[in-house]
Amino acid sequence: MTRRRTAVLISGRGSNMAALLTAARDPAYPAEIALVLANRADAGGLALAAAAGVPTAVVESRPFRGDRAAHEAAVQAVLEAHDIGLLCLAGYMRLLTPFLVGRWAGRMLNIHPSLLPAFPGLDTHARALAAGVKLHGCTVHLVTEEMDAGPILAQAAVPVLPGDDAASLGARVLAQEHVIYPMALALVAGRAATPPAADVALSNPLPTPPSLPKPQSSSE
Ligand code: GAR
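Since this is a predicted model, take the numbers as computed values, not measurements.

Criteria and cut-off values
- Residues numbered from 1 in each chain as written.
- Predicted model: local features only at pLDDT ≥ 70, side-chain atom pairs only at ≥ 80, totals over all residues.
- Heavy atoms only, no water.
- Helix = DSSP H or I, 4+ residues; strand = E, 2+ residues; numbered from the N terminus.
- Contact = heavy atoms within 4.5 Å.
- Areas by Shrake-Rupley, 256 points an atom, 1.4 Å probe, with all protein chains shown as cover.
- Phe/Tyr/Trp six-rings, centres within 6.5 Å; stacked < 30°, edge-to-face > 60°.
- Lys NZ or Arg CZ within 6 Å of the ring centre and 35° of its normal.
- pLDDT = per-residue confidence, 0-100.
- UniProt positions renumbered as here; feature names shortened; annotations may be inferred.
- Buried < 20%, exposed > 50% of the residue type's maximum accessible area, 1.4 Å probe, protein only.
- Core = buried A, V, L, I, M, F, W, Y, C linked by side-chain atoms within 4.5 Å.
- Axes fitted to C-alpha atoms, helices over the stretch in contact; angles between N-to-C directions.
- Parallel < 35°, antiparallel > 145°, perpendicular 65-115°, else oblique.
- Left-handed = near helix turned anticlockwise from the far one by under 90°.
- Salt bridge = Lys/Arg side-chain N within 4 Å of Asp/Glu carboxyl O.
- Arc of directions from axis to C-beta.

Q: Describe in detail the overall build of the protein chain, supporting the description with residues and values.
A: For the protein chain, the helix and strand inventory stands at six helices and eight strands. Each helix (α) and strand (β) of the protein chain, taken in turn from the N terminus, gives the series β-α-β-α-β-α-β-α-β-α-β-β-α-β. Pairs at least 24 residues apart make up 63% of the contacts formed inside the protein chain by residues separated by at least 6 positions. When the accessible surface of the protein chain is split by element, carbon and sulfur atoms take 59% of a total near 11100 Å².

Below, the structure written as structure tokens:
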């Protein structure tokens with residue numbers, strides 16, 4: 001089996017990247033993590049990747065001063081130098097231009113901390129709480145030009161519990177991100193060039209609902 005050479009793009013701590021690295025330790029996993037690339041030299045995930053023996057690269061976005069296409073061209077050059085075939089965005093906090101999106105169409109995945117299409121963008125946990133939803137979760141999708149809107153590959157739902165704040169809800173969601181991202185990458189990597197259908201959906205058990213009063217019979 002040829003394992004697909006995959007790069008993980010990060011901007012921060014890299015816990016999803018670490019989940020992908022763990023999954024890819026299994027020789028039967030259809031992707032190998034061949035590169036971890038960050039747009040910030042202080043991304044915590046870089047040290048994790050290096051400790052795991054994975055090649056790392058930094059293409060700082062700041063010096064490009066808003067010239068996103070030029071930054072992406074520099075990223076693309078590094079990806080080509082490492083012979084990368086699949087991309088996973090994992091907390092990569094950059095809006096992408098058609099330059100990268102077009103080159104990686106069907107081969108670039110993203111993880112987002114909400115049940116898309118609900119709550120695209122930032123601050124998803126606080127917004128879910130403010131909206132009063134009872135279910136929240138995370139989504140892995142293919143990246144298209146419209147932000148957080150590409151075909152959905154996998155989702156996991158978690159309950160919103162009484163007393164939740166953005167941190168507690170976010171932690172519950174993050175644990176599920178670490179489950180579905182490796183599943184979704186395996187789905188894409190295992191199917192070569194064919195874009196996968198939306199055929200993975202995880203739903204977590206909900207807490208037992210409060211008991212309802214018995215309906216009164218009409219004869220009483
Ligand atoms: C994750 O929760 C991921 O879903 C989110 O950033 C976090 C990165 O954490 N991504 C986005 O919000 C993208 N819009 P990590 O660095 O520990 O994987």
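From this point, the discussion proceeds with the structure in view.
Q: With reference to specific residues and values, describe the packing of aromatic side chains.
A: One pass over the full model with this rule turns up zero aromatic pairs. Sitting above the plane of the Phe-99 ring, Arg-103 keeps its charged end 3.8 Å from the centroid.

Q: Requested: an account of the confidence of the model for the protein chain, with residues and values cited.
A: Per-residue pLDDT for the protein chain averages 91, and the proportion of residues at 70 or more is 89%. Low pLDDT (under 50) marks residues 192-200, which in the prediction has 19 contacts with non-local residues, meaning those over four places away or in another chain.

Q: Please give an account of the UniProt feature "binding site: N(1)-(5-phospho-beta-D-ribosyl)glycinamide" (unreviewed entry) in the protein chain that cites residues and values.
A: Per the UniProt annotation, the sites labelled "binding site: N(1)-(5-phospho-beta-D-ribosyl)glycinamide" (unreviewed entry) are Gly-14, Ser-15 and Asn-16. Structurally, Ser-15 is set in helix α1 (residues 15-24). Excluding its chain neighbours within four sequence positions, the residues that come into contact with Ser-15 are Leu-174 and His-178. Along the chain, the position of Asn-16 falls in helix α1. Since its relative accessible area comes to 7%, Asn-16 is described here as buried.

Q: Can you break down the nonpolar core residue by residue, with the values?
A: Of all hydrophobic cores here, the largest spans 39 residues; its most connected members are Val-8, Ile-33, Leu-109, Val-140 and Leu-185. Element by element, the count of residues in this core is highest for helix α6 (residues 166-189), at eight residues. Those residues in contact with Ile-33 that sit more than four places away from it in its chain are Thr-6, Val-8, Leu-20, Leu-21, Ala-24, Val-54 and Leu-185. Listed in part, the 19 residues of the second largest apolar core include Leu-9, Ala-34, Val-75 and Ile-84.

Q: Account for the environment of Val-179, with residues named and values stated.
A: Here Val-179 shows up in helix α6. According to the relative accessible area criterion, Val-179 is partly exposed, its value standing at 38%.

Q: Tell me about the packing of helix α5 (residues 124-131) against α6, and please be specific about residues and values.
A: It is the contact of α5 with α6, at a shortest axis distance of 9 Å, that shows an interaxial angle of 115°. Viewed along their axes, α5 and α6 adopt a mutual orientation that is roughly perpendicular. Viewed along their axes, α5 and α6 form a crossing whose handedness is right-handed. In this structure, α5 uses His-125, Ala-126, Ala-128 and Leu-129 to contact α6, whose residues at the interface are Ala-166, Leu-169, Gly-170 and Val-173.

Q: Please set out the pattern of salt bridges residue by residue, giving values where relevant.
A: Tallied over the full model, the rule gives three salt bridges. The partner of Arg-5 in a salt bridge is Glu-32, with the nearest N and O atoms 3.9 Å apart. Note that Arg-5 is positioned in strand β1 (residues 4-10) and Glu-32 in strand β2 (residues 31-38), a separation of 27 residues in sequence. Measuring nitrogen to oxygen at the nearest pair gives 2.7 Å for the salt bridge that ties Asp-164 to Arg-172. Exposure remark for Asp-164: the relative accessible area of 15% places this residue in the buried category. For Arg-172, a relative accessible area of 23% puts it in the partly exposed group.

Q: Explain α5 to me, and be specific about the residues and the numbers.
A: Along α5, the positions that sit buried rather than exposed are Thr-124, His-125 and Ala-128. The arc that holds every buried residue of α5, seen down its axis, measures 100°, which confines them to one face. As for α5, its buried residues are in contact with β5 (108-112), β6 (135-142) and α6. Just beyond α5, the residue with positive phi is Gly-132, at close to 80°.

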